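Each chain, written out:
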Amino acid sequence: MTRFPSDRIDCPHFLRDLLTSLPQALLVCEPDGTILVANPGAEAMFGHGAQSMSGKPLSILFTPEDQDILYANLLHLVEEKGNVDEQAMLLRRSGTRFMAMLHLRKYDHSRGCLLLAHILDIDHKKQMEKLLQEIGYQDLLRVANGVGHEIRNPLLIIGGYLRKMYTSCKTTDQDDTYYQCILDNLKKIENIVRKIDFFTNPPKPAFFSAPTELVVEMGVSSFSDELRASGVHCVIEVEPVNLLMDQNLISRTLSILVENAADVLHDGGEIRVTGVTREPWYVFSVQDTGPGIPETALASIFQPFFSTKPRSAGIDLAILKRIMDSHMGKVSVSSQIGQGTCFELFLPLERRRLIRHRNLAEQGTTQH
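Here the structure is a predicted model, which is why all the values come from computation and not from measurement. (Residues numbered from 1 in each chain as written. Predicted model: local features only at pLDDT ≥ 70, side-chain atom pairs only at ≥ 80, totals over all residues. Heavy atoms only, no water.)

Caption draft 1: Representation of the pattern of salt bridges within the structure. This structure, assessed with the given rule, holds nine salt bridges. Measuring nitrogen to oxygen at the nearest pair gives 3.2 Å for the salt bridge that ties glutamate 237 to arginine 272. Separated by 35 residues along the polypeptide, glutamate 237 in strand 7 (residues 232-238) and arginine 272 in strand 9 (residues 269-278) bring together distant segments of the chain. Aspartate 325 is paired through a salt bridge with lysine 321; the nearest N and O atoms lie 3.1 Å apart. In this pair, aspartate 325 and lysine 321 are both assigned in helix 12 (residues 316-326), four residues apart and thus about one turn of the helix distant. On the basis of relative accessibility, which here comes to 44%, the residue aspartate 325 falls in the partly exposed class. One network of salt bridges, in which partners are shared, links Glu237, Glu270 and Arg272. (Salt bridge = Lys/Arg side-chain N within 4 Å of Asp/Glu carboxyl O. Helix = DSSP H or I, 4+ residues; strand = E, 2+ residues; numbered from the N terminus. Buried < 20%, exposed > 50% of the residue type's maximum accessible area, 1.4 Å probe, protein only.)

Caption draft 2: Highlighting the nonpolar core. Counting residues in each nonpolar core, the largest one holds 42 residues, and the members touching the most others are Ile250, Ile271, Phe284, Leu317, Leu320 and Leu345. Looking at this core element by element, the count peaks at eight residues for helix 10 (residues 247-264). Once residues within four sequence positions are removed from consideration, isoleucine 271 is found in contact with Leu227, Val232, His233, Cys234, Val235, Val258, Ala261, Ala262, Leu265, Val286, Gln287 and Asp288. Counting 29 residues, the second-largest nonpolar core is a separate cluster that includes Phe46, Leu75, Leu104 and Ile119. (Core = buried A, V, L, I, M, F, W, Y, C linked by side-chain atoms within 4.5 Å. Contact = heavy atoms within 4.5 Å.)

Caption draft 3: Main features of the packing of aromatic side chains. Within this structure, the stated rule accounts for five aromatic pairs. With 5.7 Å between their ring centres and 55° between their planes, phenylalanine 46 and phenylalanine 98 make a pair best called tilted. With phenylalanine 46 in helix 2 (residues 40-46) and phenylalanine 98 in strand 4 (residues 97-109), the pair connects residues that are 52 residues apart, well separated along the chain. The same class applies to phenylalanine 46 as to phenylalanine 98, namely buried. It is arginine 92 that lies over the ring of phenylalanine 98; its NZ or CZ is 3.9 Å from the centre. For the cation-ring pair, lysine 330 lies above phenylalanine 346, with the distance from its terminal atom to the ring centre recorded as 5.0 Å. (Phe/Tyr/Trp six-rings, centres within 6.5 Å; stacked < 30°, edge-to-face > 60°. Lys NZ or Arg CZ within 6 Å of the ring centre and 35° of its normal.)

Caption draft 4: Fine view of the environment of glutamate 259. By the secondary structure assignment, glutamate 259 is in helix 10. Look at glutamate 259 and you get partly exposed, because its relative accessible area is 35%. For the pair glutamate 259 and glutamate 226, spaced 33 residues apart in sequence, the C-alpha separation works out to 9.6 Å.

Caption draft 5: Quick peek at the sheet that holds strand 4. The antiparallel open sheet is built from five strands, whose spatial order is 2-1-5-4-3. The open sheet is flanked by strand 2 (35-38) and strand 3 (83-91), the only strands paired with a single partner. Mean inter-strand twist for the sheet, computed between neighbouring axes without regard to direction, equals 25°. Pairing between strand 4 and strand 5 (residues 112-121): 10 bridges, direction antiparallel. Its bridge partner lying in strand 5, leucine 104 is registered against alanine 117. Its contacts with the sheet put helix 5 (residues 70-81) on strand 3, strand 4 and strand 5, and the angle it makes with strand 3 is roughly 165°. (Pairing = 2+ DSSP bridges. Axes fitted to C-alpha atoms, helices over the stretch in contact; angles between N-to-C directions.)

Caption draft 6: Just helix 8 (residues 212-220), in detail. Three or more residues of helix 8 are buried, namely Thr212, Val215, Val216, Gly219 and Val220. The arc that holds every buried residue of helix 8, seen down its axis, measures 120°, which confines them to one face. (Arc of directions from axis to C-beta.)

Caption draft 7: Spatial organisation of the side chain of threonine 253. By the secondary structure assignment, threonine 253 is in helix 10. Look past the residues within four positions of threonine 253 in its chain and what remains in contact with it is Leu320, Ile323 and Leu345.

Caption draft 8: Just the packing of helix 10 against helix 12, in detail. For the pair helix 10 and helix 12, the least separation of the axes is 10 Å and the interaxial angle reads 150°. Taken together, the axis directions place helix 10 and helix 12 in an arrangement best described as roughly antiparallel. Seen from above, helix 10 lies across helix 12 with left-handed handedness. From helix 10, Leu249, Ile250, Arg252, Thr253, Ile256, Leu257 and Asn260 reach across to helix 12, where they touch Asp316, Leu317, Ile319, Leu320, Ile323 and Met324. Counted by class, the contact of helix 10 with helix 12 contains nine nonpolar, two polar and two charged residues. (Parallel < 35°, antiparallel > 145°, perpendicular 65-115°, else oblique. Left-handed = near helix turned anticlockwise from the far one by under 90°. Nonpolar A, V, L, I, M, F, W, Y, C, P; charged D, E, K, R; others polar.)

Caption draft 9: Looking closely at helix 12. For helix 12, every residue scored as buried is listed here: Asp316, Leu317, Ala318, Ile319, Leu320, Ile323 and Met324. Next to the buried residues of helix 12 lie helix 7 (173-200), helix 10, strand 11 (330-336) and strand 12 (340-348). Just downstream of helix 12, methionine 328 is the residue with a positive phi angle, here 55°.

Caption draft 10: The sheet that holds strand 7, seen in detail. Taken in spatial order, the five strands make up an open sheet running 7-9-10-12-11, and their pairing is mixed. Since the sheet does not close on itself, it has two edges, and those belong to strand 7 and strand 11, each with one partner. Strand-to-strand twist in this sheet, taken as the mean axis angle between neighbours without regard to direction, amounts to 15°. In terms of strand pairing, strand 10 (residues 281-288) meets strand 12 through seven bridges, oriented antiparallel.

Caption draft 11: Highlighting the pairing of strand 8 (residues 242-245). Taking every second residue as pointing to the same face, the buried face of strand 8 carries Leu243 and Met245, while none of Asn242 and Leu244 on the other face is buried. The pairing of strand 6 (residues 208-211) with strand 8 spans four bridges and is antiparallel. Paired with proline 211 across the bridge in strand 8 is asparagine 242.

Caption draft 12: How the structure looks around unusual backbone geometry. Between glutamate 279 and proline 280 the backbone carries a cis peptide bond, its omega angle lying at 0°. Within the secondary structure layout, proline 280 lies in the loop between strand 9 and strand 10. Even without a glycine there, the phi angle at methionine 328 is positive, about 55°. For methionine 328, the location among the structural elements is in the loop between helix 12 and strand 11.

Shown next as structure tokens:
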């Protein structure tokens, strides 16, 4: 514990001056959240006078929807753990809301316990980060959308004239081979254009309660024949749960992962598709016994048009990431060279975090 040199510093005056000089909001409260002291930073941040805040509950700074559960859980967690760091939407006296970072600390001293609340306004920071991300990302989307549009029309023209030329000029069986080769490659380009269209203009998710086992079946079934022909063994183990999701979009993410796994298993192997509850998430995973992904590439594989495969456009995993973002989920990947790769898709069991939708004190848990 830090000690003030009492021969050089008048502690009460020093602490008073320290509280006054801090630009951020700092409030000293009773353990139950009753405000004892608010510094000028708190006055400026929330618009309440220091005197008017004294004796009021800290909950006056929270939005109405967070006062019953989130606020109570924060106090409970501070009591149990001694400290909590949490982002929350707070409320100014004017009624405007802003995103804040709360640092709550339990302070024990000879006269009893105190709760110290240090609050940072991070709303501007969040907005700037979002803006900076969107500037580059939106430019990329516009370029991709333009490329897709510019390619689509020439493809239709080429395909049409090719068919006419083949019909009128075919003379040998070898012409059939050439014609089919050209058609196959045109179809590949058309498929890439369709993926770019999906990436730049993804459909808005339609959330309905859907069984996890059905979603996995939809995602894997279209590859059953291909996997058998390649000697790839597919194992499916899914805990049956009904999740609020767009089952077509989530099935597509699983299809992407199964297709990628099958593509690297040239001489047989195994793909394991699982689904399990891992509070507060439901986690789908697709694991293969392929060659693995180099560690240097793992951080970039979800970026559009990045690929470790020479024949891949690098768009599928970017689509997957967009779908997971639209579901308020997340995706992770782990890989070992020579042993295989595992992708995990995390979907929230609840739309609100545990700390916001369930009373922790009533459940006798400190789960955060």
